[in-house]
Amino acid sequence: MRPLLSRSLALGAALYLGGCATASRTAPTPEAAPPPAPPPAQAQTPAEPPAPTSVPARPLRQPEPARLVVQAHPDSPIVSFRLVFHAGSVDDPQGKEGLGALTAQLLAEGGTQSLTSAQLLAVLFPMAAELDASTDKEFTVFSGRVHKDFLPRFLELFTDVLLKPRFDPQEFERLRSLALSDLRNGLRSENDEALGKVALDALLYAGHPYAHFVGGTEKGLEAITLEDVKAHAARVFTQDRLVIGLAGPVDEQLQRTVVSRLSALPATGAPRVQLPAVPTPGGRALVVQKPTLSTAISLGYVTPLRRGDPDFFPVAFALSYLGEHRQLGGVLFNELREKRGLNYGDYAYAEHFIEERGSTYSRTNIARTQQDLSLWIRPVVPDNAMFATRGTLYFLDQLVAQPIPADRFERSRGFLLGYTRLWEQTDQRRLGYAIDALFHGTPDYLEQYRAALAKMTPESVHAAVRRHVRPEALDFAFVTQNAEDLVKQLKEQAPSPITYASPKSPELLEQDKAIGARPLPIRPDAIQVVPADTFMEK
């Protein structure tokens, strides 16, 4: 399916050039699945600290206006541009939800004053160049890549989309229709997993500027005018919100040229949105009802923990051990998928995660003032939804109750020491991490992570987990067909035994009894049901 929020003018002959350092490589895989964990009853479980009742907005750092980040590689033939604006869906006016994402797409795809959208594509194609825009809650990124032979012409085009946008009415209508289709036909109809994640966002941040879908609401998109887009671009794509990233054969002349051209942006724009504290009552469930064969499940809670905090790295390590995104070695993956065949995969995240298109890695430049810890259970047959949810909590409980066994700790540490190298394998990703570091105050973030990994012990990780990982604080989002039946199960909390088509070991069946009886921390009076066709209506 076409990505919902990041489209590319990258052309079919995409910029995969000989000698380019950006070719994807296969991620390493842990050597073997972890053996069964001992039951929680054997754990030493001192009292857990109480969960915070709300998470205040602790502002991210603010780099100086039009801060320049350069990663020069004189021998590279590819020049990479990454313009990161501290502006996102939080800046959408009430009733115009989706304005930020639509504005970014119209700038990136809608042509320039001298070129129509089609002419812009025709010019970019022979250069095999890329020009993308993507938006998240607090950040919008314009990225570009080109061979150095075409640098002067590409630089003019790349900066013109921001400085001299065409604002063509037909392109505006085309992209607004596309955004509405992404919402109605993409998010609501085709992608239950993404729908579950957006539903969890809406539940965790109810009443907060993070709550609405970055791509917009139905009523919000319908209300947006071309004049709104013009005004929004002037309000948020300003020098005081901009960080300029350059990589590749970048000399001082190119740096001066880029900074000089972008100095034509407005110096300042709208004041930044003041984010409120997020209440964290926990125990809530949002059930999105739609015709679907399976049940998608996401769970999480808002946490004050984020990059730069002393406990972030050990908690990130522990959540990677529990379920690194789309990797085979995680506890959840092995226990729920491999041993029990419940679904295709199950993962855990210490900070908000959005998969970068074409990879298994998290996008960069999606930093958030208020973060969430989350778990993603890929769709299961409806009869197993309760068991899969309980199983996820059962193994999360184990992570909190006892240190990671030494052999598995070493295996996971070795995996991450290698895997984090792949996170920085392209110029765009290295720029992304370097720019994120400005907002988090975490220079050399990945080197810091690897240095922290080298010093961690099972006991130090466990201590951090006990301070920050709180199963009782979780909220739950489900996407399912039979919402009435699921709500009944959530309220009654009856045991949810599971059956298998093939023989299982006595040990696993005994563990299943404990999983099937594990209470879910969901309050009966905090369960909502929303039809999918009205989700993100307004």
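Residues numbered from 1 in each chain as written. Predicted model: local features only at pLDDT ≥ 70, side-chain atom pairs only at ≥ 80, totals over all residues. Heavy atoms only, no water.

### Observations concerning helix α10 (residues 331-338)
Then comes step 1: For α10, the buried fraction is high: six of the eight residues fall into the buried class.
Then comes step 2: All of the buried residues along α10 are Val331, Leu332, Phe333, Asn334, Glu335 and Leu336.
Then comes step 3: Its buried side turned inward, α10 meets α9 (312-323), β11 (346-349), β12 (371-380), α11 (385-401) and α17 (506-516). (Buried < 20%, exposed > 50% of the residue type's maximum accessible area, 1.4 Å probe, protein only. Helix = DSSP H or I, 4+ residues; strand = E, 2+ residues; numbered from the N terminus. Contact = heavy atoms within 4.5 Å.)

### Comments concerning the sheet that holds strand β13 (residues 475-480)
Then comes step 1: Sheet architecture is open: six strands sit in the order β11-β12-β10-β13-β9-β14, paired in mixed fashion. Each having just a single partner strand, β11 and β14 (527-531) make up the two edges of the open sheet. Adjacent strand axes in the sheet meet at a mean angle of 15° when their direction is disregarded.
Then comes step 2: Bridge analysis of β11 against β12 gives four bridges, and the strand direction is antiparallel. By the bridge assignment, Asp346 is partnered in β12 with Ile377.
Then comes step 3: Contacts from α9 reach β11 and β12, with the element oriented near 175° to β11. (Pairing = 2+ DSSP bridges. Axes fitted to C-alpha atoms, helices over the stretch in contact; angles between N-to-C directions.)

### Focus: the packing of α11 against α17
Then comes step 1: Their axes nearest at 8 Å, the elements α11 and α17 cross at an angle of 100°. When the interaxial angle is binned, α11 and α17 end up roughly perpendicular. Residue-level inspection shows Phe387, Arg390, Gly391, Tyr394, Phe395 and Gln398 of α11 in contact with α17, the latter providing Gln511, Asp512, Ala514, Ile515 and Gly516.
Then comes step 2: Classifying every residue of the contact of α11 with α17 by side-chain character gives five nonpolar, four polar and two charged. (Parallel < 35°, antiparallel > 145°, perpendicular 65-115°, else oblique. Nonpolar A, V, L, I, M, F, W, Y, C, P; charged D, E, K, R; others polar.)

### Re the packing of aromatic side chains
Then comes step 1: Scanning the entire structure with this criterion turns up 22 aromatic pairs.
Then comes step 2: Ring geometry for Tyr445 versus Tyr449: centroids 6.4 Å apart, planes at 40°, classification tilted. Taken together, the residues span about one helical turn, with Tyr445 and Tyr449 both in helix α14 (residues 445-455) at a distance of four residues.
Then comes step 3: Overall, the relative accessible area of 6% leaves Tyr445 in the buried class.
Then comes step 4: Under the relative-accessibility criterion, Tyr449 is labelled buried at 3%.
Then comes step 5: In this structure, Arg307 packs its charged tip against the face of Tyr445, placed 4.2 Å from the ring centre.
Then comes step 6: Here the basic side chain of Arg337 rests over the ring of Tyr344, its NZ or CZ set 5.0 Å away from the ring centre. (Phe/Tyr/Trp six-rings, centres within 6.5 Å; stacked < 30°, edge-to-face > 60°. Lys NZ or Arg CZ within 6 Å of the ring centre and 35° of its normal.)

### Some thoughts on helix α3 (residues 151-163)
Then comes step 1: With 13 residues, α3 should reach 18 Å at 1.5 Å per residue; the first-to-last C-alpha distance of 18 Å fits that figure.
Then comes step 2: Among all positions of α3, only Leu151, Phe154, Leu155, Leu157, Phe158, Thr159, Asp160, Val161 and Leu162 are buried.
Then comes step 3: Looking at the buried side of α3, the elements it contacts are β4 (78-85), α1 (99-109), α2 (117-124), β5 (130-135), β6 (140-147) and α8 (252-262). (Expected span 1.5 Å × (residues − 1).)

### Observations regarding the pattern of salt bridges
Two side chains carrying opposite charge are able to pair once their charged atoms lie near each other.
Then comes step 1: Considering all chains together, one arrives at 40 salt bridges under this definition.
Then comes step 2: For Arg145, the salt bridge is made with Glu130, and the minimal N-O distance between the two is 3.8 Å. Of this pair, Arg145 sits in strand β6 while Glu130 sits in strand β5, and the two are 15 residues apart along the sequence.
Then comes step 3: Between Glu424 and Arg450 there is a salt bridge, with its nearest N and O atoms 2.7 Å apart. (Salt bridge = Lys/Arg side-chain N within 4 Å of Asp/Glu carboxyl O.)

### A look at the packing of α9 against α14
Then comes step 1: Between α9 and α14, whose axes approach to 10 Å, the crossing angle comes to 75°. The angle between α9 and α14 falls in the class roughly perpendicular. Facing Phe312, Phe313, Ala316 and Phe317 of α9, the residues of α14 in contact are Tyr445, Gln448, Tyr449, Ala452 and Leu453.
Then comes step 2: Its residues placed into classes, the contact of α9 with α14 shows eight nonpolar, one polar and no charged.

### A closer look at the nonpolar core
Then comes step 1: The biggest cluster of nonpolar side chains holds 67 residues, and the ones touching the most others in it are Leu322 and Leu490.
Then comes step 2: A per-element tally of this core places α11 first, with ten residues.
Then comes step 3: Discounting residues that sit within four places of it in the chain, Leu322 has contacts with Gly330, Val331, Leu332, Ala348, Leu375, Phe395, Leu396 and Leu399. (Core = buried A, V, L, I, M, F, W, Y, C linked by side-chain atoms within 4.5 Å.)

### Brief notes about the environment of Ser362
Then comes step 1: With respect to the helices and strands, Ser362 occurs in the loop between β11 and β12.
Then comes step 2: In this view, Ser362 contacts His352, Phe353, Ile354, Glu356 and Arg429; residues no more than four positions away in its chain are not counted.

### Here we look at unusual backbone geometry
For residues that are not glycine, phi is negative in most cases, and the peptide bond is trans in most cases.
Then comes step 1: Residues other than glycine seldom take positive phi values, yet Ala128 does so here, at roughly 50°.
Then comes step 2: Relative to the helices and strands, Ala128 resides in the loop between α2 and β5.
Then comes step 3: Phi at Gln493 takes a positive value of approximately 55°, unusual for a residue other than glycine.
Then comes step 4: Tracing the backbone shows Gln493 in the loop between α16 (483-492) and α17.
Then comes step 5: The class for Gln493 is partly exposed, based on a relative accessible area of 21%.

### Points about the domain arrangement of the protein chain
Then comes step 1: As assigned here, the protein chain comprises domain 1 (59-263) and domain 2 (280-534).
Then comes step 2: At the junction of the two partners, domain 1 supplies 48 residues and domain 2 supplies 49 residues.
Then comes step 3: Both faces considered, domain 1 and domain 2 share a buried interface measuring about 4000 Å² in area, 58% of it formed by carbon and sulfur atoms.
Then comes step 4: Our count for the domain 1 to domain 2 interface comes out at 23 residue pairs in polar contact (both at pLDDT 80 or more).
Then comes step 5: Broken down by secondary-structure element, the contributors of at least two residues to the side of domain 1 that touches domain 2 are β3 (67-72), β4, β5, β6, α5 (192-204) and β7 (242-248).
Then comes step 6: Ranked by residues supplied to the side of domain 1 that touches domain 2, first place goes to α5 with ten residues.
Then comes step 7: The class makeup of the residues in the side of domain 1 that touches domain 2 is 19 nonpolar, 15 polar and 14 charged. (Domains from an automatic or database assignment. Buried area = accessible area lost by both parts, 1.4 Å probe. Polar contact = N/O pair within 3.5 Å; in protein donor to acceptor, adjacent residues only side chain to side chain.)

### Details of the UniProt feature "domain: Peptidase M16 C-terminal" (unreviewed entry) in the protein chain
Then comes step 1: Here the UniProt-annotated "domain: Peptidase M16 C-terminal" (unreviewed entry) positions come out as residues 224-349.
Then comes step 2: As annotated, residues 224-349 has a helix share of 33% and a strand share of 21%, and its two end C-alpha atoms lie 34 Å apart. (UniProt positions renumbered as here; feature names shortened; annotations may be inferred.)

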